[in-house]
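# Understanding the architecture of this molecule
Read off the chains here:
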Amino acid sequence: VAALALLVATPAWGQAHQSAVPSAGTPQDIPGAMERPDRALQYRILFDVSEPNRDKDQPHQTLLRAGSLLNAMAENGVKPEAGAIAIVVHGAPDANLLTDAAHIKRFGKPNPSLALLEELAAAGVSIRICGQSYLARGYAREELHPAVQLDLMAMVTIANLMAQGYGVVRDD
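The following refers to the structure shown. Residue numbers here run from 1 along each chain, matching the order of that chain's written sequence. This being a predicted model, a pLDDT of at least 70 is required before a residue's local features are given, and a value of 80 or more before pairs of side-chain atoms are given or counted; all residues contribute to the totals for chains, interfaces and linings. Side-chain metrics in this entry use all non-hydrogen atoms of the structure; hydrogen atoms and water are not considered.

This part covers the overall build of the chain. A count of helical and extended segments in the chain gives 6 helices and 5 strands. In this description a helix means any DSSP run of H or I spanning at least four residues, a strand means any run of E spanning at least two, and both kinds are numbered starting from the N terminus. Tracing the chain from N to C terminus, the helices and strands come up as α-β-α-β-α-α-β-α-β-α-β. Any residue under 20% of the maximum accessible area for its type is buried, any over 50% is exposed, and the rest in between are partly exposed; the area is computed with a 1.4 Å probe on protein chains only. Evaluated residue by residue, the chain yields a buried proportion of 45% over its 172 residues. Here, residues are in contact when the closest pair of their heavy atoms is within 4.5 Å. If you take every contact in the chain between residues at least 6 apart in sequence, the share linking residues at least 24 apart comes to 69%. Total accessible area on the chain is roughly 8700 Å²; 57% of this is exposed by carbon and sulfur atoms. Per-residue and other accessible areas were derived by the Shrake-Rupley procedure at a 1.4 Å probe size, with only the shown protein chains allowed to occlude residues.

See the structure below:
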């Protein structure tokens with residue numbers, strides 16, 4: 001919880017950079033921090049999202065973490081290539097990838113992650129849903145946000161991306 005608080009805290013440095021994902025926070029600067037986003041590195045990061053929303057009325061916590069990472073990178077002059085950051089959603093949090101109309105139809109309220117999802121997609125994040133989870137929930141393709149890629153299954157996507165050198169960040 002403390003780590004999440006740091007990731008979504010109010011920006012304290014680098015006000016000149018525009019946030020990559022405005023709905024997510026920017027970590028507070030830590031003067032003298034040894035590890036920071038590095039422009040010399042080529043990032044390939046996969047967020048494995050399988051835990052349910054902690055608060056069903058708020059955006060999913062791991063989507064916020066992904067946005068916060070992108071904001072920290074932007075504050076340090078790092079812009080990952082499109083697709084270098086990927087989010088694979090499977091199981092309970094699938095509803096975060098629905099359109100507002102589909103979310104309202106299924107749950108009676110708008111998708112609290114929709115604005116964040118759109119910002120992540122606009123920032124070049126590859127957003128994927130497990131096809132097996134999609135089938136188990138009886139989703140129709142038009143219920144998914146247009147930015148969402150439908151994959152065969154999360155395990156294949158995760159294995160493929162790991163084989164391509166992606167580091168994995170798991171839900172906490």
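Working definition of a nonpolar core: buried Ala, Val, Leu, Ile, Met, Phe, Trp, Tyr and Cys residues. They are joined through side-chain atoms within 4.5 Å. Ranked by internal contacts, the top residues of the largest apolar core, which has 30 residues, are Leu70, Ile87 and Leu120. Non-local contacts of Ile87, meaning those with residues more than four positions away in its chain, are made with Phe47, Val49, Leu63, Ala66, Leu120, Val125, Ser126, Ile127 and Arg128. Counting residues in hydrophobic clusters, the runner-up holds 8 residues, among them Val88, Ile158, Leu161 and Tyr166.

As a general point, the strands of a sheet are linked pairwise by backbone hydrogen bonds and lie either parallel or antiparallel. In space, the 5 strands of this open sheet follow the order β4-β3-β2-β1-β5, with parallel pairing throughout. What marks the edges here is a single partner per strand, and that holds for β4 (148-151) and β5 (167-170). Neighbour-to-neighbour, the strand axes of the sheet open up by a mean angle of 25°, direction not taken into account. By definition, two strands form a pair when at least two bridges between them are found by DSSP. Here 4 bridges tie strand β3 (residues 126-130) to β4, and the two strands are oriented parallel to one another. Considered in β4, the bridge of Cys130 is made with Asp151. Helix axes are fitted only over the stretch in contact, all axes being lines through C-alpha atoms; the angle between N-to-C directions runs from 0 to 180 degrees. Against the sheet, helix α2 (residues 61-75) engages β1 (45-49), β2 (85-89) and β5, with an angle of about 160° to β1.

Structurally, Ile85 is set in strand β2. Residue Ile85 is classed as buried on the basis of its relative accessible area, which comes to 2%. Note: C-alpha distance between Ile85 and Leu46 (39 residues apart in sequence) is 5.9 Å. Other than its neighbours up to four places away in sequence, Ile85 contacts Ile45, Phe47, Leu70, Pro80, Gly124, Val125 and Ser126.

The next subject is helix α6 (residues 154-163). Within α6, the full set of buried residues consists of Ala154, Thr157, Ile158 and Leu161. Angularly, the buried residues of α6 cover 95° about the axis, an arc narrow enough to put them on a single face. Seen from the buried face of α6, the exposed residues on the opposite side, beyond 90 degrees, are Met155 and Ala163. Downstream of α6 by one or two residues, Gly165 has phi in the positive range, about 95°. The arc in question is the one traced by the directions running from the helix axis out to the C-beta atoms.

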